[in-house]
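The chain contents come next:
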Amino acid sequence: MNEKARIIELRDLLNRYNYEYYVLNDSSISDAAFDQLMQELIFLEAKHPDLDDPLSPSKRVGGEVATEFKKITHERMMLSLANAFNDDDLRQFDRRVKQLTGETEMSYAVELKIDGLALSIKYENGELKYAATRGDGEVGEDVTNNLITIRSVPLKVAEKRDFEVRGEVFMPKESWLKLNEARELSGEQLFANPRNAAAGSMRQLDSKVAVSRKLEAFWYYVPNATELNIMNHFASLAFLKEQGFLVNDKTKVFDHIEDVITYISELSENRYDLPYEIDGIVVKVNDFALYDELGYTAKTPRWAIAFKFPPDEVETRLEDIFFTVGRTGKITPNAQLEQVFIAGSKVQRATLHNESFIKERDLKIGDYVFLRKAGDIIPEVIKPNVLKRTGEEKAFVMIDECPKCGTPLTYKEPLHFCLNESCPARNIEKLIHFASKGAMDIEGLGERVVEILFEHDLIKDISDLYDLHTKRDELLTIEGFGERSVSKLLEAIETSKNNSVERLLFGFGIKEIGEKTSKIIASSFSDLDSIKTKNAEDFMKLRDIGPIASAALVEFFSSERTEILLSALSEAQVNFKYLGKFIDVNSYFHNKTIVLTGTLYELNRRDATKLLEERGAKVTGSVSKNTDLLIAGADAGSKFKRATELNVKIINEQEFLELLTKEQSEDEK
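Description of the structure in this document. Only a predicted model underlies this, so the values are computations on that prediction, with no experimental measurement involved.

### Description of the environment of G480
Then, number 1: Within the secondary structure, G480 is located in the loop between α15 (472–476) and α16 (483–496).
Then, number 2: Judged by its relative accessible area of 74%, G480 falls in the exposed class.
Then, number 3: Sequence spacing of G480 and Y368 is 112 residues, and the spatial spacing of their C-alpha atoms is 41 Å.

### Regarding unusual backbone geometry
Then, number 1: Of note, the bond from E413 into P414 is cis; its omega dihedral lies within 30 degrees of zero at 0°.
Then, number 2: Relative to the elements of secondary structure, P414 occurs in the loop between β19 (410–412) and β20 (415–417).
Then, number 3: Look at K214: it is not a glycine, yet its phi comes out positive at around 60°.
Then, number 4: Looking at where K214 falls in the secondary structure, it is placed in the loop between α7 (207–212) and β8 (216–221).
Then, number 5: In the Ramachandran plot, D457 falls in the positive-phi region, its phi being about 60° despite a non-glycine side chain.
Then, number 6: Here D457 falls in the exposed class, since its relative accessible area comes to 52%.

### Remarks on the nonpolar core
Nonpolar side chains tend toward joint burial in soluble globular proteins.
Then, number 1: Of all hydrophobic cores here, the largest spans 73 residues; its most connected members are L147 and W219.
Then, number 2: The leading source of residues in this core is helix α9 (residues 257–270), at six residues.
Then, number 3: For L147, the contacting residues outside a window of four places in its chain are L119, I121, L128, A131, V153, V169, M202 and W219.
Then, number 4: Judged by nonpolar contacts, the second largest core, of 53 residues, contains L453, I521, I531 and L542.

### Examining the sheet that holds strand β3 (residues 108–114)
Then, number 1: Spatial ordering of the open sheet is given by β2-β11-β10-β3-β9, a layout of five strands whose pairing is mixed. The sheet is open, and its two borders are formed by β2 (82–84) and β9 (252–254), each paired with just one other strand. Taking the axes of each pair of neighbouring strands and ignoring which way they run, one obtains an average angle of 35° across the sheet.
Then, number 2: Across the sheet, helix α3 (residues 87–101) is in contact with β2, β3, β10 (278–285) and β11 (304–308); its angle to β11 comes to roughly 175°.
Then, number 3: Across the sheet, helix α8 (residues 233–242) is in contact with β3, β9 and β10; its angle to β3 comes to roughly 55°.

### Structural notes on the sheet that holds strand β22 (residues 618–620)
Then, number 1: Judged by pairing direction, the sheet is parallel, and its four strands sit side by side in the order β22-β21-β23-β24 without closing on themselves. Because the sheet does not close on itself, it has two edges, and the strands there are β22 and β24 (649–652). Strand-to-strand twist of the sheet, defined as the mean angle between neighbouring strand axes without regard to direction, takes the value 30°.
Then, number 2: Examined bridge by bridge, strand β23 (residues 629–632) and β24 share four bridges and lie parallel to one another. What sits directly across from L629, in β24, is K649.
Then, number 3: Lying on the sheet, helix α23 (residues 605–614) is in contact with β21 (593–597), β22 and β23; it crosses β21 at an angle near 165°.
Then, number 4: Along the sheet face, helix α24 (residues 638–645) touches β21, β23 and β24 and points at about 145° away from the line of β23.

The rules behind these values
- Residues numbered from 1 in each chain as written.
- Predicted model: local features only at pLDDT ≥ 70, side-chain atom pairs only at ≥ 80, totals over all residues.
- Heavy atoms only, no water.
- Helix = DSSP H or I, 4+ residues; strand = E, 2+ residues; numbered from the N terminus.
- Buried < 20%, exposed > 50% of the residue type's maximum accessible area, 1.4 Å probe, protein only.
- Core = buried A, V, L, I, M, F, W, Y, C linked by side-chain atoms within 4.5 Å.
- Contact = heavy atoms within 4.5 Å.
- Pairing = 2+ DSSP bridges.
- Axes fitted to C-alpha atoms, helices over the stretch in contact; angles between N-to-C directions.

In structure tokens, the structure reads:
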């Protein structure tokens, strides 16, 4: 095969693998194999610039920097939707639709209203022509270069007739949290919510920025569907799936408005469990033949309505502001609040991030403040209710010394740091992290135990943990530390020496180095002795590791303190090698997509996931038609119901444990 033919073959292969991974959630090749094919394509395309294709999968990595966004006039107006705020508004919508059409029965499609950035994409002759934002409804901005970095979006489709598709680009909650963590560390302004983050990412002139933001998109409307002989909304979604688009699996069709209302109630109750934000639920007349008859107002179609959630915003009192010290030395002001219930949980505390955050909002101790859960996850103080001020409120004053060790703070806009490596608060946080589940998983060494041992001068540093067995008599003198608990603690510390090195690497608490990154590094370089000799360029060659993380690794391993620590751990015979297991291809769970739901009593969720992944399973968070198995613990909720509807195989925790035990017994034979 000549190189030009190979380029065409590689493009087809990579487009198919992108579809499998990002839409079907079921990849047929490994990440490493995919990356190898991509590198081959990029190399060959560089040799043959005459074969340049703006729709090549190589373009998804970003790199093109625009000087401005061109304007695109929409072929059809992108209208807003009228709102419903309660059940009676929905019933009124139903009555109005029936009155205008003369129908006595009506079929409605009900779908989630994703909180993101609305886009319209045009396909001509099976190829993506352009992508445009909503803009003012008539004219939007050309964001094609950024749109194609979202790998679930098909660049080419089987349908050769021209069509338009509309949808919503969004940022998953997890991606938003990680992005804000990185921005705070680098002194950048935080995104208030995932929607702002998605919109800001799509409007970057440098498409590499969009790539790094981990955006996703759901598609929900084909404006010219009837030209394609598609006669109802639900059928148009099936068409989009056939063409390779990611379509939200929560959409359902009902023939009665009361069933619509019931489903909306169910969706509303479970919306906090979704991995993305929604700001409402859309109800659409399913039959396209009725759309022209129903018509439009000046701004909205009469055949659809958006049910809007009541605002999850409450008022409570800011009783005090206290400070915490993280393991990196970052000083964080926190709000002590009068307890309040919001978005499904009780809240008494909320982070206030930094001094600028407090001053920008003019917060004072004693204020009544408005509180919400940003992204339905993190309690966030929005602003004070200045109308309730009595004059007795106290102005906020930022501390200038570490609240734990008294060291003068260093200001690196917008954050304050305690740079004292011996700060008790920093060392306690480091020890707590080191012993945590994701790190060395030392059972019995929780937050309070670490604090007690620190207060008694029994541990000051990580290496001291592995010297505790020499201080058994001193441990037994501490109130609440009996023979049994001390023995179990020392045994757990001893057991942790045998962990695979990625746990140790994560346990060090190196900036930017999480669990996943630690495993990538450990599995790439085999042992800690090899890892500590690598330079930034070596680390940056690895998947998902950028310049900041690489620099942090080099800084950590070049430190004299680290050298002393590693020497002590080596002397204590802590394992420095990667002990990753080979996947059990003979397991019942191998190659299955599995969802865990409900409460597991014998295994926690993390351990169950680890056992499944070791057996080659893919553990996901939501049930879909691609789910092979649901493992249901006690009080299983909506996922159990969804699995039943899709005829997904369901087993309980006991059956799961029996399968694991059976496989373990067979392995030992």
